[in-house]
Amino acid sequence: MASNPGSDAALGTHKSMLSGSPRTKKFLLTEQEVFYMNCRAAYLTIFKSSLENIISKDQLYLALQHAGRNPSQKTINKYWTPQTAKLNFDDFCIILSKEKPTSKAELLKSFKQLDANDDGSILHSDLHKYLTKRGEKMTQEELNAVINLADVNADGKFDYIKFCKLYMTTSEQCLKTTLERVEADSKLRWQQFGSHLEGCPERDASPAPKPSPRIIRKNDQETFSSKGDPSHSLLSTTRKFKTSVSFTITMSANSNRESKLTEPNLKDWQYAQSKGCFFLEEDGEVVSHQYKMHIAQRSVLYLTIKPLNLSQTEGKRSPWLSVDTALYILKENEDQAEPQLMCFTELQNREVFGWTGELGPGIYWLIPSTTGCRLKKEIKPVTEEAQLVYRDETGELFLTSEFRSTLSEIFEIIDLDGNGLISLEEYNFFELRTSGEKCDEDAWAVCRENFDTKKNELTRQGFMDLHLMEANDREGDPLDLWVTLHSMGYNKALELTEACPFVINIHAERCKPRIKAIHMETCSGQLERAICKSVLDRSDAKVMDGYENIIVHTCNYDTWITSIIENKSDDKVIIHINNELSKNCVNNRGLSIFAVEVAPRSTMVSVTLNPLSTLCDKKCLRLMP
């Protein structure tokens, strides 16, 4: 997308794009609504929700950059004072209304003052003198990153015309990508952002947000133009884009590592099984059951995890069978605070992922994982709502056959041990997921008295009758039933779109393995550390150009690629990742361009890619701090 010099990059450039969207073909957006759309897009590039607050100068700096601004340190200090603890979305909108976007003409003018020969380039020696000696000084490491930009440096010269073009194009593409995501995601589009609610376009325009008292009012009338001093524009721009094209990872989808899962001869092996489920939260996080496994003596084990097929039609597969799954096995040790990663199910045969090897006696954590490449929030809207209950000619209430079929699926999902009955422990996982509460022994006794049970466990019919009673209590109003269905990942058409049930199978050669679901938690923390450890143990490591303390570790498996970022420095870093060169694959972030923040002395998963098909023969990542 081209940008005219001197134009308002954040407003004018994107107004035409917005007016062509499906929403605006019917309703023309006002200038204020276009402004809020751009504010929203920039904010969601950094945060998952507008309800999150900006809690540091670095976050404010990054958010302003994604909104097309070019803040100097003086500008940041204007809005983030020693008394500032946080800024909300409304504060951010106010700041954007006061700070004008950087235009291509302004950038060119700043650089042109250093162009001694008026040929569109600056000698590296002059660039070094200007950026490290004057105004807001760059460090030598930062300057090296600029000079190492292959696309805009040659023969000891910095081509600032190419740089400005690349800078504007990349900035606009970041905003365009996020705007498209907001337009496509109805939950984001209708979300309340600060005090501004984007609802029906026919509503009255929302009033301008009131500023937070955290923003110092005495400076409201100050302007921070770069007239007379190009250092602000030049320095902050080069800092923002300093290694934008310096680091490219090219990865082959085919690995030399043996990746085909082969089942051993399991005759006379002992066996244990448990089911579970991945659930998508509103913020896109994944929640799943987590387990403990007990092995009584050293034994060879064959462990597998796969999506659970719930289709009741012969030959028909459940749509979520394409979701990738993995199981990380960690051993508890008395002398270590954290469980030790032993292995994970890296081998694959169709939808089954598995591992074969020997484990010693002890207690192990089994942590299921899915990358999020295929299990994502549903974007396609459902226009017609399924009917859950009906009344016959006598007025008696019944569950529809479609709803009964869905309840039967849910019964299969929550029946973790697969014995065809629901125990109190299994039912409580269901209750915690759907209502946030647990059923105690007394309430369970009442349940056994009123609904069909067997061996003190709820039968499938009893589970159906329980929901019929719930509908009767609401006099046929299905509101509470829909809360249950949405919590379990079903949409209005009774399709399971935001969950993926799975089954874990454990075979042991010399002892009877035991497995038990312990809790249901977000797939982060301990799992993130396990994934990072698994990648570090076998990855290709590359140091980022000009940043010896930032290392990118990439592990290339046959069916997925995981990249983690290791920050060995004592400062946190923000890494911009450009995934636009990827072919025939999907990533777990849902965006082609995004940023991640890596804490000091830490590692984090930056991105995981899955192939769309066997045609995925090349994937490229471009990372820039």
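To be clear, the structure that these remarks concern was listed above.
Residues numbered from 1 in each chain as written. Predicted model: local features only at pLDDT ≥ 70, side-chain atom pairs only at ≥ 80, totals over all residues. Heavy atoms only, no water.

A. How the structure looks around the pairing of strand E10 (residues 326-331). Extensive coverage of E10 is indicated by the burial of five of its six residues. In terms of strand pairing, E10 meets strand E14 (residues 362-369) through six bridges, oriented antiparallel. Looking at E14, one finds that tyrosine 328 is bridged to isoleucine 367. Across four bridges, the pairing between E10 and strand E11 (residues 340-344) is antiparallel. Following the sheet pairing, tyrosine 328 is matched in E11 by phenylalanine 344. (Buried < 20%, exposed > 50% of the residue type's maximum accessible area, 1.4 Å probe, protein only. Helix = DSSP H or I, 4+ residues; strand = E, 2+ residues; numbered from the N terminus. Pairing = 2+ DSSP bridges.)

B. Looking closely at the environment of valine 543. With respect to the helices and strands, the residue valine 543 is situated in strand E21 (residues 540-544). For the pair formed by valine 543 and glutamate 566, sequence separation is 23 residues and the distance between their alpha carbons is 9.5 Å.

C. How the structure looks around the pairing of strand E24 (residues 573-578). Most of E24 sits out of view: six of its six residues are buried. Alternating residues of E24 divide into Val573, Ile575 and Ile577 and Ile574, His576 and Asn578, and every residue in both groups is buried. With six bridges joining them, E24 and strand E26 (residues 593-598) adopt antiparallel strand pairing. Bridging from a neighbouring strand, isoleucine 574 pairs with glutamate 597 of E26.

D. Representation of the sheet that holds strand E1 (residues 121-123) in the model. A sheet is described by the order of its strands in space; here three strands give the open sequence E1-E3-E2, paired in antiparallel fashion. A strand with exactly one partner marks an edge of an open sheet, and here the two such strands are E1 and strand E2 (153-154). The sheet strands contacting helix H8 (residues 124-133) are E1, E2 and strand E3 (157-159), and the helix crosses E1 at an angle near 80 degrees. (Contact = heavy atoms within 4.5 Å. Axes fitted to C-alpha atoms, helices over the stretch in contact; angles between N-to-C directions.)

E. Representation of the side chain of threonine 562 in the model. Residue placement: threonine 562 occurs in strand E23 (residues 561-567). A residue is classified by how much of its surface remains accessible, and threonine 562, at 5% relative accessible area, is buried. Among the polar contacts listed, one links the side chain of threonine 562 to the side chain of threonine 608, at a separation of 3.4 Å. Those residues in contact with threonine 562, other than ones at most four positions away along the chain, are Ile531, Val535, His553, Thr554, Cys555, Val605, Val607 and Thr608. (Polar contact = N/O pair within 3.5 Å; in protein donor to acceptor, adjacent residues only side chain to side chain.)

F. Region of interest: helix H9 (residues 140-147). Of all the positions in H9, only Glu142, Leu143, Ala145 and Val146 are classed as buried. Down the axis of H9, the buried set is contained in an arc of 155 degrees. They therefore lie on one face. (Arc of directions from axis to C-beta.)

G. Here's a closer look at the packing of aromatic side chains. On inspection of all chains with the given rule, the structure shows 16 aromatic pairs. Ring geometry for phenylalanine 111 against phenylalanine 158: centres 5.7 Å apart, planes inclined by 45 degrees, an arrangement best described as tilted. Within this pair, whereas phenylalanine 111 is found in helix H7 (residues 104-112), its partner phenylalanine 158 is found in strand E3, the two being separated by 47 residues in sequence. One exposure class covers both phenylalanine 111 and phenylalanine 158, and it is buried. An aromatic cluster is present here, built from Phe411, Tyr427, Phe430, Trp444 and Phe463 joined pairwise through their rings. (Phe/Tyr/Trp six-rings, centres within 6.5 Å; stacked < 30°, edge-to-face > 60°.)

H. Representation of the nonpolar core in the model. Counting residues in each nonpolar core, the largest one holds 86 residues, and the members touching the most others are Met293, Leu301, Leu303, Tyr328, Leu366 and Ile410. When residues of this core are assigned to their parent elements, the largest contribution, seven residues, is made by strand E19 (residues 499-508). Here isoleucine 410 is in contact with Phe430, Phe463, Leu485, Met488 and Tyr490, once residues within four sequence places are set aside. (Core = buried A, V, L, I, M, F, W, Y, C linked by side-chain atoms within 4.5 Å.)

I. Quick peek at the sheet that holds E23. In spatial order, the strands read E21-E22-E23-E27-E25; together these five strands make up an open sheet with antiparallel pairing. Lying at the two open borders of the sheet, with one neighbouring strand each, are E21 and strand E25 (585-587). Here the average twist between neighbouring strands, direction ignored, is 25 degrees. Of the pairings in the sheet, the one linking E23 to strand E27 (residues 602-611) comprises seven bridges and is antiparallel in character. Looking at E27, one finds that isoleucine 564 is bridged to valine 605. Its contacts with the sheet place helix H18 (residues 526-536) against strand E22 (547-556), E23 and E27, and it is angled at close to 80 degrees to E27.

J. Region of the structure containing the pattern of salt bridges. Throughout the structure, instances matching the rule amount to 21 salt bridges. A salt bridge links lysine 377 to glutamate 282; its shortest N-O distance comes to 3.9 Å. Taken together, the positions of lysine 377 in the loop between E14 and strand E15 (389-391) and glutamate 282 in the loop between strand E7 (270-280) and strand E8 (286-295) put the pair 95 residues apart, joining distant regions of the chain. Among the residues examined, glutamate 282 registers a relative accessible area of 60% and is labelled exposed. (Salt bridge = Lys/Arg side-chain N within 4 Å of Asp/Glu carboxyl O.)

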